[in-house]
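Observations on chain architecture
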Amino acid sequence: MKVLFISLGCDKNLVDTEKMLGQLLEHGHSFTDSEEDADAVVVNSCCFIGDAKEESIQNILDMAELKKSGQIKALIVCGCLAQRYREEIRKEIPEVDEVLGTMATDKIVEALEQAVAGNTGCYLGALDTLPLADGRRVVTTGGHYAYLKIAEGCDKHCTYCIIPKVRGDYRSVPMEQLLAEAEDLAEKGVRELILVAQETTLYGTDLYGKKALPELLKKLEAIPGIVWIRILYCYPEEINEELIAAIRDSSKVCHYLDIPIQHASDDVLHRMGRKTSEEQLRQTIAHLREEIPDIALRTTLISGFPGETQEDFEELYRFVNEMEFERLGVFPYSAEEDTPAAAMENQIPEEVKNFRRDELMELQQAIAFEKAENMVGRRLLAMIEGKVAEDNVYVARTYMDAPGVDGFLFLRTDKQLMTGDFVPVIVTGSNEYDLIGELDDERTE
């Protein structure tokens, strides 16, 4: 079968997609990016916030039209939306042949074969297990970097979040399994590993009785071919001295940390079910910068959480202004059914949520532009991402930039470079969020 795979949502979902692609490939199926060429379609869905849910539903409906017209033979829906709304999908969209839950990704081949045979069904898998890990993985990120999902689920139970209900409680992937996967990725040419989970700092607590992320980092460092290791989604209250030292003292772990704090007002943090305070956040950020002076900190915030007063917002605004995060994103609060926050009083009007988001992003824009200007003269290592051929300019990333969410460094040179190459550069200028640089001849062979 020729399969069109539509992967939506987060990078953790993308890892699931890549593993399902590998299973299908091992069983003789092929892939296409074209609806016209597809025999079957798989939609790996997301339901984290309202916009993501709407995007998933629209893609499913669009593909259902192809099934209804007879253009495709099978339609399969998997991922978080499928887990959460499996009965509604089967009832309301009869064109969907098979529904796979979040822990049933290892059933994709069987589901496709059943769908083509005209059968319909639902594969779930228990939310206290992990899908089978054996088999090939098809890296879809270009081959020079890849995400390594180190855990499933979450125990935090923040009041706005549906993830524990669709992916279960926190389960770490065994270390030997991760190391084998990382070694395989490195052998295939991956040079940057990006560690992801709903919460990476708790890795190992369920399996080994301790936070084992520093140990995992040390073992990943030993893999030949890996140049960068990047850590995403570290809850600030779980960052300890061992992890800080592991980042600081490593030659491969990027001095970059994603710490999703969501807010800074103690009242709002309490209603969110977060386990930290503004003072603790300030202390953690200050300590990280003291121990790792060149660290790039990324965070995400929620604007307009239920009950957020003007005073709460002003407190958050001051916090952002004073902390000067290198990277920051803001999302208006999205009320998700079956979460405690959706039932809270004092829901904020959409226009207020959006206004507050825009105010924070305008502030962050000024901070980010100034930080980019201050990078001029810095010597950095950059990974080549591609080339703007007509301008003879290469697009690159520095250690400060995660793919898909952060900025770029633009490099003009006559030297022939390949995607995935690492080159030393000098920053010569900036253009809003992005940097401009040239090859550092003193360090170029």
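Residues numbered from 1 in each chain as written. Predicted model: local features only at pLDDT ≥ 70, side-chain atom pairs only at ≥ 80, totals over all residues. Heavy atoms only, no water.

Quick look at the overall build of the chain
The helix and strand inventory of the chain stands at 14 helices and 19 strands. Against the 2.2 N^0.38 benchmark of 22 Å for 445 residues, the chain shows a C-alpha radius of gyration of 22 Å, consistent with a compact globule. By the burial criterion, 56% of the 445 residues in the chain qualify as buried. Across the chain, every contact between residues at least 6 apart in sequence was considered, and the portion connecting residues at least 24 apart equals 72%. For the chain, the accessible area works out to roughly 19,000 Å², and carbon and sulfur atoms hold 48% of it. Both charge centroids of the chain, one from 47 positive and one from 84 negative side chains, sit 3 Å from each other. (Helix = DSSP H or I, 4+ residues; strand = E, 2+ residues; numbered from the N terminus. Rg over C-alpha atoms; globule rule 2.2 N^0.38 Å. Buried < 20%, exposed > 50% of the residue type's maximum accessible area, 1.4 Å probe, protein only. Contact = heavy atoms within 4.5 Å. Areas by Shrake-Rupley, 256 points an atom, 1.4 Å probe, with all protein chains shown as cover. Lys, Arg positive; Asp, Glu negative; His and termini not counted. Charge placed at Lys NZ, Arg CZ, Asp CG, Glu CD.)

What about the environment of glutamate 187?
Note that glutamate 187 resides in helix α7 (residues 175-187). Along the primary structure glutamate 187 and glycine 404 are separated by 217 residues, whereas in three dimensions their C-alpha atoms are 24 Å apart.

Considerations on the packing of aromatic side chains
Enumeration according to the criterion identifies nine aromatic pairs in this entry. Ring geometry for tyrosine 160 against phenylalanine 305: centres 6.3 Å apart, planes inclined by 85 degrees, an arrangement best described as edge-to-face. Here tyrosine 160 is found in the loop between β8 (151-152) and α6 (163-167), whereas its partner phenylalanine 305 is found in the loop between β13 (296-303) and α13 (310-323), with 145 residues between them in sequence. There is no split in this pair, since tyrosine 160 and phenylalanine 305 are both buried. Taken together, the ring pairs connect Tyr160, Phe305 and Tyr333 into an aromatic cluster. One residue, arginine 397, lies across the ring of tyrosine 145, its end atom 5.2 Å from the ring centre. (Phe/Tyr/Trp six-rings, centres within 6.5 Å; stacked < 30°, edge-to-face > 60°. Lys NZ or Arg CZ within 6 Å of the ring centre and 35° of its normal.)

Focus on the pairing of strand β17 (residues 409-412)
Residues Leu409 and Leu411 point to one face of β17 and are all buried, whereas Phe410 and Arg412, pointing to the other face, are not buried. Sheet topology places strand β16 (residues 393-398) next to β17; four bridges connect them, and they run antiparallel. Paired with valine 395 across the two strands is phenylalanine 410, which belongs to β17. Pairing analysis gives three bridges linking β17 to strand β19 (residues 434-439), with the strands arranged parallel. Note on β19: the bridge partner recorded for phenylalanine 410 is isoleucine 436. (Pairing = 2+ DSSP bridges.)

Regarding helix α10 (residues 241-248)
Here α10 has its buried residues at Leu243, Ile244, Ala246 and Ile247. All buried residues of α10 fall inside an arc of 160 degrees around its axis, so they share one side. Of the surrounding secondary structure, the elements contacted by the buried residues of α10 are α9 (213-221), β11 (228-231), β12 (253-258) and α12 (278-291). (Arc of directions from axis to C-beta.)

Focus on unusual backbone geometry
In this structure, asparagine 346 is a non-glycine residue whose phi angle is positive, near 60 degrees. By the secondary structure assignment, asparagine 346 is in the loop between β14 (327-332) and α14 (350-374). Within the chain, glutamate 432 stands out as a residue other than glycine whose phi angle is a positive 60 degrees. The residue glutamate 432 is located in the loop between β18 (422-431) and β19 in this model.

Some words on the pattern of salt bridges
A full pass over the atoms with the stated rule returns 35 salt bridges. Between glutamate 181 and lysine 19 there is a salt bridge whose closest N-O contact spans 3.5 Å. Remark: lysine 19 occurs in helix α1 (residues 11-26) and glutamate 181 occurs in helix α7; sequence separation between them is 162 residues. Residue class for glutamate 181 comes out buried when judged on its relative accessible area of 12%. Taking relative accessible area as the criterion, lysine 19 reaches 25% and is therefore assigned partly exposed. (Salt bridge = Lys/Arg side-chain N within 4 Å of Asp/Glu carboxyl O.)

A closer look at the sheet that holds β18
The strand order around the closed barrel formed by five strands is β15-β16-β17-β19-β18, and the pairing between neighbours is mixed. Each strand of the sheet is rotated relative to its neighbour by a mean of 50 degrees, with strand direction disregarded. In the sheet, β18 pairs with β19 via six bridges, with the strands oriented antiparallel. Within β19, the position partnered with valine 425 by the bridge is leucine 439. (Axes fitted to C-alpha atoms, helices over the stretch in contact; angles between N-to-C directions.)

As for the packing of α1 against helix α5 (residues 108-116)
Direction vectors running N to C along α1 and α5 enclose 60 degrees, while the axes themselves pass 9 Å from each other. It follows that α1 is oblique to α5 by the angle criterion. In this structure, α1 contributes Met20, Gln23 and Leu24 to the contact, and α5 contributes Ile108, Val109 and Leu112. (Parallel < 35°, antiparallel > 145°, perpendicular 65-115°, else oblique.)

Quick word on the side chain of threonine 339
If you trace the backbone, threonine 339 turns up in the loop between β14 and α14. According to the relative accessible area criterion, threonine 339 is buried, its value standing at 5%. There is a polar contact of 2.4 Å between the side chain of threonine 339 and the backbone oxygen of glutamate 336. Contact partners of threonine 339, with chain neighbours within four places excluded, come to Thr159, Tyr160, Cys161 and Ile162. (Polar contact = N/O pair within 3.5 Å; in protein donor to acceptor, adjacent residues only side chain to side chain.)

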